[in-house]
Amino acid sequence: MQGFGGDRQWSEISSALEPLLHHPDDDGDLSAADCARVLPRLAEIVTEWETEEGDPTLPRHIEDARQLVIVLKACVDADVELLFG
């Protein structure tokens, strides 16, 4: 993506993960609606990763993603935004 060494712009793609990926990691927020949009796709990705083997870093990524799924669900259930910072 642009800004990360690539040349693609967000306007060129469509992804349910866009609200999560297209903002700074260390600042900002995701609305409860954005959390609801990201949640199903991220959960699918975790399930896909769980069947993969070979990458020694994968278990940590899976656990981190699982934790994010829990937080996203809590934000959706409570109708609150997820704050980064």
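Cut-offs applied
Throughout this document, residue positions are counted from 1 along each chain, in the order its sequence is written. Two thresholds apply to this predicted model, a pLDDT of at least 70 for residue-level local features and 80 or more for giving and counting side-chain atom pairs, whereas whole-chain, interface and lining totals are computed over all residues. The side-chain quantities take in all heavy atoms of the structure and omit both hydrogens and water. Remark: nonpolar core denotes a set of buried residues (Ala, Val, Leu, Ile, Met, Phe, Trp, Tyr, Cys) joined through side-chain atoms within 4.5 Å. Only protein chains enter the calculation, and the probe is 1.4 Å; a residue is then buried if its accessible area is under 20% of its type maximum, exposed if over 50%, and partly exposed in between. Numbering goes from the N terminus for both helices and strands, where a helix is a DSSP run of H or I of at least four residues and a strand is a run of E of at least two. Axis lines are fitted through C-alpha atoms, for helices just across the contact stretch, and the angle between N-to-C directions can take any value from 0 to 180 degrees. Throughout this description, any angle smaller than 35 degrees is read as roughly parallel, any larger than 145 degrees as roughly antiparallel, any in the 65 to 115 degree range as roughly perpendicular, and the remainder as oblique. In this scheme the crossing of two helices becomes right-handed for a clockwise turn of the near helix relative to the far one and left-handed for an anticlockwise turn of less than a right angle. Working rule for contacts: check all heavy atoms of both residues, and any pair within 4.5 Å makes them a contact. Ten residues, namely Ala, Val, Leu, Ile, Met, Phe, Trp, Tyr, Cys and Pro, are considered nonpolar, four, namely Asp, Glu, Lys and Arg, are considered charged, and the remaining ones, Gly among them, are considered polar.

Participant: Before we move on, can you summarise the nonpolar core with the specific residues and values?
Facilitator: Soluble globular proteins tend to pack their nonpolar side chains together in the buried interior. If you look at the biggest cluster of nonpolar residues, it comprises 16 residues, and the most contacted ones within it are L30, C35, V38, L42, L72 and L82. For this core, the secondary-structure elements that each account for two or more residues are α2 (32-49) and α3 (58-78).

Participant: Just give me the short version of the packing of α2 against α3, but keep the residues and values in it.
Facilitator: Two quantities define a packed helix pair, namely the angle between the helix axes and the distance between the axes. Where α2 contacts α3, the two axes come as close as 9 Å, and the packing angle between them is 150°. In terms of their interaxial angle, α2 and α3 are classed as roughly antiparallel. As α2 runs across α3, the sense of the crossing is left-handed. Where α2 approaches α3, its residues A32, C35, A36, V38, L39, L42, A43, V46 and W49 are matched on the opposing element by L58, H61, I62, A65, R66, L68, V69, L72, K73, C75 and V76. The class makeup of the residues in the contact of α2 with α3 is 17 nonpolar, one polar and two charged.

Participant: Help me get a handle on the environment of I62, residues and values and all.
Facilitator: Looking at where I62 falls in the secondary structure, it is placed in helix α3. Looking at I62, the relative accessible area reads 10%, which means it is buried. The spatial distance from the C-alpha of I62 to the C-alpha of E50 is 7.2 Å, given a sequence separation of twelve residues. Excluding residues within four positions of it along the chain, I62 makes contact with V46, W49 and E50.

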